[in-house]
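# Commentary on secondary and tertiary structure
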Amino acid sequence: MSVDAATSVEQAWVARAIELATENVAAGGGPFGALVVRDGEVIATGTNRVTVDLDPTAHAEVTAIRAACRALGTFKLDGCVLVTSCEPCPMCLASALWARVDRVLFAADRDDAADAGFDDRAFYDVFEDPRTESPTPVERVAVPNRNQAFDAWRAKPDRVEY
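In this report, the structure presented in the accompanying data block is examined. Small disclaimer: the values here were computed from a predicted structure and weren't measured.

### Quick look at the sheet that holds strand β1 (residues 33-38)
Consider a sheet: its strands pair through backbone hydrogen bonds, and that pairing is either parallel or antiparallel. Pairing in this open sheet of four strands is mixed, and the strands run β2-β1-β3-β4 from one edge to the other. With one partner strand each, in any of the chains shown, β2 (41-47) and β4 (103-108) form the two edges of the open sheet. Each strand axis lies, on average, 20° off the axis of its neighbour in the sheet, ignoring direction. Of the strand pairs in this sheet, β1 and β2 are connected by six bridges, and their pairing is antiparallel. By the bridge assignment, Arg38 is partnered in β2 with Glu41.

### Notes on the environment of Ala12
Looking at the element boundaries, Ala12 is found in helix α1 (residues 8-26). Residue class for Ala12 comes out partly exposed when judged on its relative accessible area of 43%. Along the chain, Ala12 and Thr136 lie 124 residues apart, while their C-alpha atoms are 38 Å from each other.

### Regarding α1
For α1, built from 19 residues, the straight-helix expectation of 27 Å at 1.5 Å per residue is met to within 8% by its first-to-last C-alpha distance of 27 Å. Listing the buried residues of α1 in full gives Glu10, Trp13, Val14, Ala17, Leu20, Ala21 and Asn24. The buried residues of α1 occupy an angular sector of 110° when projected down its axis, which confines them to one face. Structural note: α1 exposes Ser8, Thr22 and Ala26 on the side pointing more than 90 degrees away from its buried face. On the buried face of α1, the contacting elements are β1, β2, β3 (80-86) and β4. Positive phi shows up at Gly28, right after α1, with a value of about 100°.

### Regarding the packing of aromatic side chains
Enumeration over the complete set of coordinates arrives at four aromatic pairs. Taking 6.0 Å as the distance between ring centres and 55° as the angle between the ring planes, the aromatic pair formed by Phe75 and Tyr162 counts as tilted. Placement of Phe75 in the loop between α3 (60-72) and β3 and of Tyr162 in the segment after α7 (148-155) is noted, with a sequence separation of 87 residues between them. Judged by its relative accessible area of 40%, Phe75 falls in the partly exposed class. Taken together, the aromatic side chains of Phe75, Trp98, Trp153 and Tyr162 make up a single cluster linked through ring pairs. When the ring centre of Tyr124 is taken as reference, the NZ or CZ atom of Arg110 above it lies at 3.7 Å.

The rules we used
Residues numbered from 1 in each chain as written. Predicted model: local features only at pLDDT ≥ 70, side-chain atom pairs only at ≥ 80, totals over all residues. Heavy atoms only, no water. Pairing = 2+ DSSP bridges. Helix = DSSP H or I, 4+ residues; strand = E, 2+ residues; numbered from the N terminus. Axes fitted to C-alpha atoms, helices over the stretch in contact; angles between N-to-C directions. Buried < 20%, exposed > 50% of the residue type's maximum accessible area, 1.4 Å probe, protein only. Expected span 1.5 Å × (residues − 1). Arc of directions from axis to C-beta. Contact = heavy atoms within 4.5 Å. Phe/Tyr/Trp six-rings, centres within 6.5 Å; stacked < 30°, edge-to-face > 60°. Lys NZ or Arg CZ within 6 Å of the ring centre and 35° of its normal.

The following block contains the structure:
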């Protein structure tokens, strides 16, 4: 969706995400804010808490997704929109996909983030071009019981499917 195609309501949601991000900077956190909206109602908000919580996964989108899931009592956010002040990094985009949100809206993009010192380009490159060498080696280890947990999962009659 282009900027021009956004409705005034969507623009207001994005403006709120930017406000959250800006307020978070003043509170000692990172310059990222997000909200989860369902049926026009803000279900939850989140801000970047990476340095505050010493948690590299505590990005605004992830904290908003976690809060929305708790508020709704579910791990699936179908019917929801994730709204964020900046283009989601690969981790946050994957989180949105796992949460099954219907859409993601954002304001600033990865280049804007890089200009501010948040250069996630190496991560985007790894996912966009399989020939790119990962900054973190990922290797499979051969063990005879590699599927033991999956076998237990398949045998569990009361499992909750994702």
